[in-house]
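Each chain, letter by letter, is given below.
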Amino acid sequence: QVQLVESGGGLVQAGGSLRLSCAASRNIVTFNDMRWYRQAPGKQREWVAAITSGGSAHYADSMKGRFTISRDNAKNTVYLQIDSLKPEDTAVYYCNTYTGYDNYWGQGTQVTVSS
């Protein structure tokens, strides 16, 4: 069983920063691509960022340089740094991976940005 647990969300004022964490089980971060998605209330889930097992980062065009994905293999954790937060960033942020057998999702962590 693959387990993904997000943390680091919270309430922050516009212009602030957050670093979200996704702790994975069984060396998942080392051997698999990791992805972040987000889902705002009443909206469909959208892809935010991805990082390959080789460390190559990819971002959705709409993120406009404010998002940074990284990983720490020793901690089996992937991070999403969000800078210059805007109220439009308010959403539940989900960690995701695909092992070749199935997609796995964490429970999500809530990010709320006040204006």
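Sequence positions are assigned chain by chain, starting from 1 and proceeding in written order. Local features in a predicted model are, by the rule used here, given only for residues with pLDDT of at least 70; side-chain atom pairs are given and counted only at 80 or more, and totals for whole chains, interfaces and linings are based on all residues. Each side-chain value is worked out from all heavy atoms of the structure, with water and hydrogens disregarded.

Visitor: An account of the packing of aromatic side chains is needed here, citing residue identities and associated values.
Guide: Note on ring pairs: Phe, Tyr and Trp rings are taken, using the six-membered ring of Trp, and paired if centres are within 6.5 Å. Classes follow the plane angle, with under 30 degrees stacked, over 60 edge-to-face and the rest tilted. Within the structure shown, the criterion is met by 1 aromatic pair. Positioned above the aromatic ring of Tyr-79 is the side chain of Arg-19, whose terminal nitrogen or guanidinium carbon lies 4.2 Å from the ring centre. Stacked on the ring of Trp-105, the Lys or Arg Arg-45 has its end atom at 3.7 Å from the ring centre. Remark: a charge is flagged as sitting over a ring if the NZ atom of Lys or the CZ atom of Arg is within 6 Å of the ring centre and within 35 degrees of the ring normal.

Visitor: Lay out the nonpolar core with the relevant residues and their values.
Guide: Note on terminology: a nonpolar core comprises buried Ala, Val, Leu, Ile, Met, Phe, Trp, Tyr and Cys residues joined through side-chain atoms within 4.5 Å. Exposure categories follow from relative accessible area, calculated using a 1.4 Å probe and restricted to protein chains: below 20% of the type maximum is buried, above 50% is exposed, and the middle band is partly exposed. Core analysis: the biggest nonpolar cluster contains 28 residues, and Leu-4, Leu-20, Met-34, Trp-36, Val-78, Leu-80 and Tyr-93 have the highest contact counts within it. By definition, any uninterrupted DSSP run of H or I lasting at least four residues is a helix, any uninterrupted run of E lasting at least two residues is a strand, and each is numbered from the N terminus. Of all the elements, strand β3 (residues 18–24) adds the most residues to this core, at 4 residues. With residues near it in sequence (within four places) discarded, Tyr-93 still touches Glu-6, Leu-20, Trp-36, Tyr-37, Arg-38, Phe-67, Leu-80, Ile-82, Gly-108, Thr-109 and Val-111. Note on contacts: a residue pair qualifies if any of its non-hydrogen atoms lie within 4.5 Å across the two residues.

Visitor: Talk me through the pairing of strand β5 (residues 46–51); I want residue IDs and the actual numbers.
Guide: Successive residues of a regular strand alternate their side chains across the two faces of the sheet. Note: two strands are recorded as paired if DSSP finds a minimum of 2 bridges between them. Note: strand β4 (residues 34–39) against β5, 5 bridges, orientation antiparallel. Residue pairing in the sheet places Tyr-37 in a bridge with Trp-47 of β5. Two strands pair when backbone bridges link them, and β5 and strand β6 (residues 57–59) are joined in this way by 3 bridges, in the antiparallel orientation. For Ala-50, the partnering residue across the bridge sits in β6 and is His-58.

Visitor: Which residues make up the side chain of Ser-21, and what values do they have?
Guide: With respect to the helices, strands and loops of the structure, Ser-21 is situated in strand β3. Residue Ser-21 is classed as buried on the basis of its relative accessible area, which comes to 17%. The contact partners of Ser-21, leaving out residues within four places of it in the chain, are Val-5, Glu-6, Ser-7, Trp-36, Thr-77, Val-78 and Tyr-79.

Visitor: Can you break down the environment of Ala-14 residue by residue, with the values?
Guide: Among the secondary structure elements, Ala-14 is positioned in the loop between β2 (10–13) and β3. Taking relative accessible area as the criterion, Ala-14 reaches 40% and is therefore assigned partly exposed. Linking Ala-14 and Tyr-59, residues 45 residues apart in sequence, is a C-alpha distance of 21 Å.

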